[in-house]
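Working through the structure, step by step
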Amino acid sequence: MPDGKYGMTIYLYKKTHKITGLKYLGKTISKNPYTYKGSGKHWVYHIKKHGYDVETEILKECSSEKELKYWGNYYSTLWNVVESKEWANLKPEDGNGGGMVAGSASAKQHSAKMMGHPNWLKFQTESAKTLIKEAQQALLSKLTPEELSARMKNSCSSPASWTPERIKNMRKGMTGKKKTKTPKLLASQTKHCGKTWKLIDGKRVWMNKDNVL
């Protein structure tokens, strides 16, 4: 009887993308490890962009978590899957899985590994910002006025998107959280304390409340 939480065969596999050559070391309890695509963040993004044209090699059929951890660490070290840019792995395959947390060591490792990769876009550069802006403009230029209107209505900034369900979910998410005021808001409140505004010639004019008729 296999030990651990799985209680079945655990496949340790190596997947190689036939077009790009990128490789991925992973594990699965799926009955068909050849059709199982994998779950690594970088790997999932890669096959989403390039398609699942992949060759799968079964390295081990493990009967326990302990056996999987041994062989997973063995191949992770053998091929240096975390450091090598030939591999999509962001951590050794030891069966633990787990996602990344912003600012964590794994997130920083992911950022460092992606830099220099053909799919990596350095958003902080002006040239990258220009490319993004041009791509967005090209996309919008192809839309009809009706499609642009529908796009705006579906935008999170559109009043039409503030459905009762969305408002309820936002309130639920804020429950128990301390509300803080930004320095900009505090400065604005201090500047106009005791004042009110009135529209004059289409412009907002601040004045003392006593002077307002």
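Attention here is on the structure that accompanies the text.

Basis of the calculations
Residues numbered from 1 in each chain as written. Predicted model: local features only at pLDDT ≥ 70, side-chain atom pairs only at ≥ 80, totals over all residues. Heavy atoms only, no water. Helix = DSSP H or I, 4+ residues; strand = E, 2+ residues; numbered from the N terminus. Expected span 1.5 Å × (residues − 1). Buried < 20%, exposed > 50% of the residue type's maximum accessible area, 1.4 Å probe, protein only. Arc of directions from axis to C-beta. Contact = heavy atoms within 4.5 Å. Patch = residues over 30% accessible without salt bridge, like charges linked within 9 Å, V, L, I, M, F, W, Y side chains within 5 Å. Areas by Shrake-Rupley, 256 points an atom, 1.4 Å probe, with all protein chains shown as cover. Salt bridge = Lys/Arg side-chain N within 4 Å of Asp/Glu carboxyl O. Lys, Arg positive; Asp, Glu negative; His and termini not counted.

**A few points about helix H2 (residues 65-79)**
Its 15 residues place the ends of H2 21 Å apart at the C-alpha level, agreeing with the 21 Å of an ideal helix rising 1.5 Å per residue. For H2, the complete set of buried residues consists of Leu68, Gly72, Tyr75 and Ser76. Buried residues of H2, viewed axially, fall in a sector of 105°; they line one side. Residues of H2 that are exposed and point more than 90 degrees away from the buried face comprise Lys66, Tyr70 and Thr77. Those residues of H2 that are buried lie in contact with strand E1 (10-17), strand E2 (23-28) and strand E3 (54-62). Positive phi appears at asparagine 80, one or two residues downstream of H2, with a value of about 50°.

**Points about a nonpolar patch on the surface**
Taken together, Tyr70, Tyr74 and Leu78 make up a surface patch of nonpolar side chains, about 340 Å² in accessible area. Looking at the secondary structure, you find leucine 78 in helix H2.

**Some points on the side chain of glutamate 93**
As for its position among the elements, glutamate 93 is in the loop between H2 and helix H3 (105-114). Look at glutamate 93: it is buried, it has no salt bridge, and the nearest opposite charge is lysine 27 at 5.7 Å. Among residues more than four places away in sequence, those in contact with glutamate 93 are Leu12, Leu25, Gly26, Lys27, Gly72, Asn73 and Ser76.

**Thoughts on the environment of glycine 38**
With respect to the helices and strands, the residue glycine 38 is situated in the loop between E2 and helix H1 (41-50). Classification of glycine 38 as buried rests on a relative accessible area of 16%. When near neighbours in sequence (up to four residues on either side) are disregarded, glycine 38 contacts Tyr13, Tyr24, Trp43 and Val44.

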